[in-house]
Amino acid sequence: GNYPQAQAVAFGVYSAAYVLVAIGFLASVLIDYQQNLSHLATEDPLTQLLNHRGLESALHITVAQAARQQLPTAAIMVDIDNLRDVNSNFGNAAGDQVIRKIALHLQRASRDSDVLARTGGDEYLLILPNTDLDGARLLAERIRVGIAEHPLVVNQQRIPITVSLGVAGTMGEIDLDKLSLEADRAMYLAKRAGRNRVAS
């Protein structure tokens, strides 16, 4: 006599379980979506490097440590020479290959403590904690030579790639905007002096 009632209870339990599963699934989808949004907000999609916003959040500890211990910090601004010509002559896909190739080279050249970001279409910023201006200049020159010695090969055609680099340094407290602006100014000096060189 209680069969319909038992059926209703069973259906109610089944429905509740189904709703809980659906809520769990939706929650996991939402978490994935939020994580993707977070990556998009802090990561450059082409190179998987940090963008400017990601750079700022990654440097919190470095900034505090440099101020507390009066440590030197250096910045290297890297700009690809004549990327527009590569895009015009070989297509945007070749330009993207150049951007990724430079990103990979910079990652290999930097230490675990360094922070690297793509800050513009053809610009990268490398922040070097506990590094003085001379040390940063040596690294910048090593990067310049390494890139110039390895042309990109597209459709069996060698495309020479060079970069201009600007180096700046500070001691103690870091004003990231000011430091990157000084490295940017130095990079423009390198451009004006003929490209494929380091200025500071």
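Residues numbered from 1 in each chain as written. Predicted model: local features only at pLDDT ≥ 70, side-chain atom pairs only at ≥ 80, totals over all residues. Heavy atoms only, no water.

Caption draft 1: Local environment of the packing of helix H4 (residues 83–90) against helix H5 (residues 92–109). In the contact formed by H4 and H5, the axes pass within 6 Å of each other and the chain directions differ by 140 degrees. Here Leu-83, Val-86, Asn-87 and Phe-90 of H4 come into contact with H5, specifically with Asn-92, Ala-94, Gly-95, Val-98 and Ile-99. For the contact of H4 with H5, a count of residues per class yields six nonpolar, three polar and no charged. (Axes fitted to C-alpha atoms, helices over the stretch in contact; angles between N-to-C directions. Helix = DSSP H or I, 4+ residues; strand = E, 2+ residues; numbered from the N terminus. Contact = heavy atoms within 4.5 Å. Nonpolar A, V, L, I, M, F, W, Y, C, P; charged D, E, K, R; others polar.)

Caption draft 2: Up close: the nonpolar core. Core analysis: the biggest nonpolar cluster contains 29 residues, and Ile-76, Ile-80, Val-98, Ile-102 and Tyr-124 have the highest contact counts within it. Where this core is concerned, the elements lending two or more residues are strand E1 (72–80), H4, H5, strand E3 (123–129), helix H6 (133–148), strand E4 (152–154) and strand E6 (163–171). Among the elements that line this core, the one with the most residues is H5, at six residues. Those residues in contact with Ile-102 that lie beyond four places of it in its chain are Ile-80, Tyr-124, Ile-147, Ile-161 and Val-163. (Core = buried A, V, L, I, M, F, W, Y, C linked by side-chain atoms within 4.5 Å. Buried < 20%, exposed > 50% of the residue type's maximum accessible area, 1.4 Å probe, protein only.)

Caption draft 3: Quick peek at the pairing of E1. Taking burial as the measure, the nine residues of E1 include nine buried ones, the bulk of the element. The two faces of E1 match: Pro-72, Ala-74, Ile-76, Val-78 and Ile-80 on one face and Thr-73, Ala-75, Met-77 and Asp-79 on the other face are all buried. Pairing geometry for E1 and E6, over nine bridges, is antiparallel. In the strand pairing of E6, Ile-80 is matched with Val-163. In this structure, E1 lies alongside E3, joined through seven bridges in antiparallel fashion. Bridging from a neighbouring strand, Ala-75 pairs with Ile-127 of E3. (Pairing = 2+ DSSP bridges.)

Caption draft 4: Geometry of unusual backbone geometry. With a phi close to 65 degrees, Gln-48 is a non-glycine residue in the positive phi region. On the basis of relative accessible area, Gln-48 is assigned to the partly exposed category, the value being 49%. With a phi close to 55 degrees, Gln-70 is a non-glycine residue in the positive phi region. Looking at the secondary structure, you find Gln-70 in the loop between helix H3 (60–69) and E1.

Caption draft 5: Highlighting the sheet that holds strand E7 (residues 198–199). Ordered by their spatial adjacency, five strands build an open sheet running E2-E3-E1-E6-E7, and the pairing between neighbours is mixed. A strand with exactly one partner marks an edge of an open sheet, and here the two such strands are strand E2 (115–118) and E7.

Caption draft 6: Geometry of the side chain of Asn-51. Take Asn-51: it is sitting in the loop between helix H1 (3–42) and helix H2 (52–58). A relative accessible area of 16% means that Asn-51 is categorised as buried. Among the polar contacts listed, one links the side chain of Asn-51 to the backbone nitrogen of Gly-54, at a separation of 2.9 Å. (Polar contact = N/O pair within 3.5 Å; in protein donor to acceptor, adjacent residues only side chain to side chain.)

Caption draft 7: Layout of helix H7 (residues 176–192). A rise of 1.5 Å per residue sets the reference length of H7, with its 17 residues, at 24 Å; its end C-alpha atoms lie 24 Å apart and thus fit the reference within 8%. By the burial criterion, the buried members of H7 are Leu-176, Leu-179, Ser-180, Ala-183, Asp-184, Ala-186, Met-187, Ala-190 and Lys-191. Mapping the buried residues of H7 onto a view down its axis gives an arc of 165 degrees, with all of them on the same face. Along H7, the residues that are exposed and aim more than 90 degrees away from the buried face are Lys-178, Arg-185 and Arg-192. Here the buried face of H7 lies against H2, E1, E3, E6 and E7. A side-chain oxygen of the first residue of H7 lies 3.3 Å from the backbone nitrogen of Asp-177; this N-cap is Asp-175. Two residues or fewer past H7, Gly-194 is found with a positive phi of approximately 125 degrees. (Expected span 1.5 Å × (residues − 1). Arc of directions from axis to C-beta.)

Caption draft 8: A look at the environment of Val-153. Inspection of the secondary structure assignment puts Val-153 in strand E4. Taking the C-alpha atoms as reference points, Val-153 and Ala-94, separated by 59 residues in sequence, lie 9.2 Å from one another.

Caption draft 9: Quick peek at a negative patch on the surface. A surface patch of like charges, here negative, comprises Glu-56, Glu-173, Asp-175, Asp-177 and Glu-182. Considering the arrangement of structural elements, one finds Glu-182 in helix H7. (Patch = residues over 30% accessible without salt bridge, like charges linked within 9 Å, V, L, I, M, F, W, Y side chains within 5 Å. Areas by Shrake-Rupley, 256 points an atom, 1.4 Å probe, with all protein chains shown as cover. Salt bridge = Lys/Arg side-chain N within 4 Å of Asp/Glu carboxyl O. Lys, Arg positive; Asp, Glu negative; His and termini not counted. Charge placed at Lys NZ, Arg CZ, Asp CG, Glu CD.)

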